[in-house]
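# Summary of the model geometry
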Amino acid sequence: MAQENSNNTFFTKIPARTKIKKTYESYSGLLEEIMQSIKERLIDNLKLSSQPTYKARIKSFSSYYKKVLRQHPEEAASSDSLVCLTDMMGIRIICTFLEDIQIVLTQIKEMFDVVEVEVKGADQSFKEFGYESVHVLVKIPEDAVPADKDENLVLPDELVCEIQIRTILQDAWAEVEHELIYKTEFTPFDMPLRRKLASMNASLSLADIIFQEIRDYQKNLQSEMSLRRKSFYEKADDLTIEEKPVHKNELIERINPYIQGTIDELLLQAIKAHNAGDLDNAILIYSKIIESKPKPNTIVLSVIHKHRGMAYFSKNDYENALNDFSVSFEYDPKSFRSMYYMGIVYSIQKEMEKAVECFSKSLEINEYQSHTFYRRALAYYELQQYENAMNDVIAAQKLGLEEPGLENLHGKLVEKFDMKM
C-alpha cells in the first residue's frame with residue numbers, strides 16, 4: 001500500500017502535457033503581439049551607423065514543455081495558469097561590429113526596464129567551443145500589451161522578453177552550433193573534432209576583432225581627414241596665406257614620431273601630422289609612401305598625391321600643390337576633388353580662366369558639388385561673366401549650400417543686373 005501511495009504521489013507531480021499545451025497556446029497570440037510591439041520599438045529607436053538585422057520568435061511548445069519539465073514541474077502540475085519562462089518571447093539583434101553590442105545595450109537600458117543582463121559564454125575557456133552573446137531581460141511595457149486583449153488571459157507579473165545581441169559572426173556560429181550540438185543526441189567526443197570546433201570558434205572570434213580594428217582605423221582616419229579637409233576649405237575660403245592655429249581639442253590621438261609600418265598606418269600617421277601642423281613631417285611620410293610604389297599603384301598613388309598636395313597647399317607651396325593634384329588626377333581620372341583643389345589653387349593665384357576650367361571638369365565628373373558651383377561662380381564674377389556666375393549661384397543654392405559668401409555674391413550679382421530682391 002505504501003508503494004502504491006508513492007506511485008500516486010509521483011504521477012500527480014507529472015505535468016499534464018495536454019493541459020499545459022492548451023494553456024500555452026491560448027497565450028501564444030498575445031505573446032506574439034507583445035513581442036512584435038517590442039521589436040517595432042527597437043527598430044524605430046535603435047541608432048547605429050550600420051543597420052542591424054532583427055529576428056523574433058515565440059518559443060515553440062515542444063521547447064517550452066521540455067524546459068517546464070526541467071525547471072518548474074511542480075508548478076506546472078498544480079496550476080492552471082501560464083507557467084512563465086524568461087525566453088518565451090525572444091528577439092535577436094544582429095549587429096555588424098563588436099562595438100555595436102555595447103551601443104545597443106546602452107540604448108536598450110534607456111528604452112526599457114531591464115531585469116537582467118547576462119553575457120553567455122563569457123566564462124568559457126579558449127579550449128571550449130561556444131560563443132559569447134549578450135542576453136537582456138526586459139519588463140513588458142504597458143503600451144506593448146494590446147488594449148483589446150482577452151481579459152481571461154492574465155499576464156504574470158514576472159513576464160519578460162529576452163533580447164539577444166550578437167554580431168553577424170556570433171549569430172552564424174550560434175546557428176551552426178545549435179545544429180551540431182543541441183539538436184543531436186551526441187556531441188563530438190574525439191579530440192580532433194573538438195579541436196576543430198574550438199579552432200573554428202577562435203577563428204570567428206578573431207575575425208570579429210579584426211573587423212572591429214579595421215572599423216576603428218577607418219573611423220580614426222575619417223575623423224582626421226574631415227578635420228584636414230575643413231582646414232583646407234577654411235584657408236581657401238579666406239583666400240589668404242595665413243596659417244590657422246590648430247587647437248588641442250581638435251586633435252585626436254596625435255602621433256608625432258615617424259614609425260615605419262604598413263601603408264594604412266603611414267597614411268593615418270601622415271594625416272595626423274598634417275592636422276597637427278607638422279607639415280614637413282607629413283610631406284616626408286607622404287613621399288615615403290609614394291617612393292615605396294604601393295600596389296595597386298593607381299588609386300593608392302592618386303590618394304597619396306592628393307594628400308601631399310593639400311600639405312603643400314597649407315605651406316603656401318602652390319606649385320608643388322598643383323603638381324600633386326595634377327598627378328593625382330592622372331592616376332585617377334574620376335578624382336573630382338583633385339581637379340576641384342587645382343581650381344582653388346588657380347583661384348588664389350588669380351588665374352581665373354584656369355580655375356573655371358578645373359571647376360568645370362570637376363563638375364563633369366560629379367555635378368552635385370555645391371561648393372564647386374560656388375567657387376566657379378566666384379571665378380566667373382572675377383572674369384565679369386555675371387550671367388554664368390548667377391547660374392552657378394542658383395545651382396549652389398538648389399543643392400542646399402548655406403554659405404555667407406554665397407549670399408554676398410548673390411547680392412552683388414543682383415546689383416550688377418540692377419534687379420530687386
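Residues numbered from 1 in each chain as written. Predicted model: local features only at pLDDT ≥ 70, side-chain atom pairs only at ≥ 80, totals over all residues. Heavy atoms only, no water.

All right, on to the overall build of the chain then. If you tally the helices and strands in the chain, you get 16 helices and 5 strands. When each of the 421 residues of the chain is scored for burial, the buried share is 44%. Counted over contacts in the chain with a minimum sequence separation of 6, partners at least 24 positions apart contribute 66%. Surface accessibility of the chain: about 24000 Å² in total, with carbon and sulfur atoms responsible for 51%. (Helix = DSSP H or I, 4+ residues; strand = E, 2+ residues; numbered from the N terminus. Buried < 20%, exposed > 50% of the residue type's maximum accessible area, 1.4 Å probe, protein only. Contact = heavy atoms within 4.5 Å. Areas by Shrake-Rupley, 256 points an atom, 1.4 Å probe, with all protein chains shown as cover.)

This part is about the packing of aromatic side chains. For any pair of aromatic rings, geometry is given as the distance between the ring centres together with the angle between the planes. All chains considered together, the criterion is met by 9 aromatic pairs. Centroid distance Phe61 to Tyr64: 6.3 Å. Interplanar angle 40 degrees. Geometry classified as tilted. Of this pair, Phe61 and Tyr64 both sit in helix 3 (residues 61-71), 3 residues apart, roughly one helical turn. This pair shows no difference in class: Phe61 is buried, exactly as Tyr64 is. (Phe/Tyr/Trp six-rings, centres within 6.5 Å; stacked < 30°, edge-to-face > 60°.)

In terms of nonpolar packing, the biggest core is built from 52 residues, with Tyr286, Phe313 and Phe325 touching the most fellow members. Examining the composition of this core, we find that 8 residues originate from one element, helix 12 (residues 336-348), more than from any other. Judged by nonpolar contacts, the second largest core, of 44 residues, contains Tyr27, Leu30, Ala76 and Val83. (Core = buried A, V, L, I, M, F, W, Y, C linked by side-chain atoms within 4.5 Å.)

Before going further, it helps to examine the pattern of salt bridges. Evaluation of the coordinates by the stated rule reveals 12 salt bridges. Arg166 is the salt-bridge partner of Asp171, the closest N and O atoms lying 3.5 Å from each other. Note on accessibility: Asp171 and Arg166 belong to one class, buried. Ionic pairing is found between Arg376 and Asp392, a salt bridge with its closest N-O pair at 2.7 Å. One end of the pair, Arg376, is in helix 14 (residues 370-382); the other, Asp392, is in helix 15 (residues 386-398), with 16 residues separating them in the sequence. Side by side, Arg376 and Asp392 carry an identical accessibility label, which is buried. (Salt bridge = Lys/Arg side-chain N within 4 Å of Asp/Glu carboxyl O.)

Time to look at the pairing of strand 4 (residues 133-139). Counting buried positions along strand 4 yields 6 of 7 residues, so the element is predominantly enclosed. With 6 bridges joining them, strand 3 (residues 114-120) and strand 4 adopt antiparallel strand pairing. From the neighbouring strand, Val114 faces strand 4, where its bridge partner is Val138. Inspection of the sheet shows strand 4 paired to strand 5 (residues 160-167) by 6 bridges, in the antiparallel sense. The partner of Val136 across the bridge, within strand 5, is Ile163. (Pairing = 2+ DSSP bridges.)

With 14 residues, helix 5 (residues 98-111) ought to run about 20 Å at 1.5 Å a step, and its terminal C-alpha atoms sit 21 Å apart, in line with that. Among all positions in helix 5, only Glu99, Asp100, Ile101, Val104, Leu105, Gln107, Ile108 and Met111 are buried. (Expected span 1.5 Å × (residues − 1).)

In this section: the confidence of the model for the chain. Averaged over all residues, the pLDDT of the chain equals 81, while 81% of them reach at least 70. Scored below 50 in pLDDT, residues 124-130 makes 17 contacts in the model with residues more than four places away or belonging to other chains. This stretch, residues 240-260, has a pLDDT under 50; its non-local contacts, to residues over four places away or in other chains, come to 43 contacts. (pLDDT = per-residue confidence, 0-100.)

Per the counting criterion, the structure on display carries 1 cavity of 30 Å³ or more. Estimates place the volume of the largest cavity at around 60 Å³. Lining the largest cavity are Lys19, Ile20, Thr23, Tyr24, Tyr64, Ala76, Ser79, Asp80, Ser81, Leu82 and Val83. Of the residues forming the lining of the largest cavity, the biggest block, 4 residues, is contributed by helix 2 (residues 17-45). Across the lining of the largest cavity, the residue classes tally to 6 nonpolar, 3 polar and 2 charged. (1 Å grid on protein atoms, 1.4 Å probe; cavity = no way out; pocket = protein on both sides within 12 Å on 5 of 7 lines; lining within 4 Å. Points joined across faces, edges and corners; volume = space filled by probe spheres on them. Nonpolar A, V, L, I, M, F, W, Y, C, P; charged D, E, K, R; others polar.)

Attention now goes to the sheet that holds strand 4. The mixed open sheet is built from 5 strands, whose spatial order is 1-2-5-4-3. If you trace the sheet from one side to the other, it starts and ends with strand 1 (53-58) and strand 3, each paired once. For this sheet, the mean angle separating the axes of adjacent strands, direction not counted, is 20 degrees. Against the sheet, helix 2 engages strand 1, strand 2 (89-95) and strand 5, with an angle of about 165 degrees to strand 1. Relative to the sheet, helix 5 contacts strand 2, strand 3, strand 4 and strand 5, its axis offset from that of strand 5 by approximately 160 degrees. (Axes fitted to C-alpha atoms, helices over the stretch in contact; angles between N-to-C directions.)

With that out of the way, let us pick up unusual backbone geometry. Positive phi outside glycine occurs at Asn316, with the angle close to 65 degrees. Mapped onto the elements, Asn316 comes out in the loop between helix 10 (297-314) and helix 11 (318-331). For Asn316, a relative accessible area of 26% corresponds to the partly exposed category. Positioned with a positive phi, Gln384 is a non-glycine residue whose angle comes to about 65 degrees. The topology assignment puts Gln384 in the loop between helix 14 and helix 15. Its relative accessible area of 58% is what places Gln384 among the exposed residues.

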